[in-house]
Amino acid sequence: MLETARTILDIDESFHCIFIGPCLGKKGEASREGHDLIDAVLTFEELIAIFVAVDINLAAIELEEGDLFNDKGDSDMEREMLSSQKNLDELSNDAVNFCQNGGVGQAIFNKLKENFSDFEFDSNSVSGLSECKRMLEMVINYLCSDKEK
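What counts, and at which threshold
- Residues numbered from 1 in each chain as written.
- Predicted model: local features only at pLDDT ≥ 70, side-chain atom pairs only at ≥ 80, totals over all residues.
- Heavy atoms only, no water.
- Core = buried A, V, L, I, M, F, W, Y, C linked by side-chain atoms within 4.5 Å.
- Buried < 20%, exposed > 50% of the residue type's maximum accessible area, 1.4 Å probe, protein only.
- Helix = DSSP H or I, 4+ residues; strand = E, 2+ residues; numbered from the N terminus.
- Contact = heavy atoms within 4.5 Å.
- Salt bridge = Lys/Arg side-chain N within 4 Å of Asp/Glu carboxyl O.
- Patch = residues over 30% accessible without salt bridge, like charges linked within 9 Å, V, L, I, M, F, W, Y side chains within 5 Å.
- Areas by Shrake-Rupley, 256 points an atom, 1.4 Å probe, with all protein chains shown as cover.

*Asks:* Kindly report on the nonpolar core, identifying the contributing residues and their values.
*Replies:* Grouped together as the largest cluster of nonpolar side chains are 9 residues: M1, L2, A5, L9, C17, A30, L37, I38 and V41. At 3 residues, the largest contribution of residues to this core is made by helix α1 (residues 2–11). Among all residues touching A5, those that are not within four sequence positions of it are C17, L37 and I38.

*Asks:* Can you break down the pattern of salt bridges residue by residue, with the values?
*Replies:* Applying the stated rule across the entire model yields 4 salt bridges. With a shortest N-O distance of 3.1 Å, E3 and R6 are connected by a salt bridge. Placement of the pair is E3 and R6 together in helix α1, with a separation of 3 residues, close to one helical turn. Note that K26 is salt-bridged to E29, the shortest N-O span being 3.1 Å. Taken as a pair, K26 and E29 lie in helix α2 (residues 25–33) at a separation of 3 residues, close to a single helical turn. Residue classification places K26 among the partly exposed residues on the basis of a relative accessible area of 22%.

*Asks:* So, a nonpolar patch on the surface: which residues are in play, and what are the values?
*Replies:* Nonpolar side chains collect at one region of the surface, where I50, V54, I56, L58 and I61 lie side by side and expose about 440 Å² of accessible area between them. Mapped onto the elements, V54 comes out in the loop between α3 (44–53) and α4 (76–86).

*Asks:* I'd like a rundown of unusual backbone geometry, residues and numbers included.
*Replies:* Of note, D55 is a non-glycine position whose phi angle comes to about 60°, a positive value. You can see D55 is positioned in the loop between α3 and α4. Residue classification places D55 among the exposed residues on the basis of a relative accessible area of 71%.

This is how it looks when you write it as C-alpha cells:
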C-alpha cells in the first residue's frame, strides 16, 4: 500500500491516495507509517455502506462498448484481467480465507496436513497487534524458561 502510494505521488504530487481493501490493519498502517502518503483507507464493508447510502446498485449497472471491463476485452490489459477474474473460481479455500482472522494459520495447518498426514500440533489464533505481541511474549517466555531447565 505504501509503496504504491509513493509510486503514484512520484508521478504527480497532487494525486490523492485512497486504499480500499479487506483489512482493518491498513488503517493503522496508514496512520502510523503513511500519514503523509495515504489520504484515506476504506474497508470493503465501508465502501459497500457508502454505495447503499447513496443508492448505488452495482449489479444494476450495465457496461457499454468502450467501458473498462465490459467483458469484451478491448485491450491487452483488460483481456489479461478478465482471464484472471475467470480463474478466481479455481482459488483454494486457503487463498480465499487467507486475510480472515486465523486464515494464515489455517492455510499453514492445511498444507502441513496435506504433506504430512500424521503431523499433529496445537495452534492458537490471535487478532490485532496487541494480541500478536502478547502471544509472541508468551512464546519467548516459554522458550526462555525451557532453556533454563
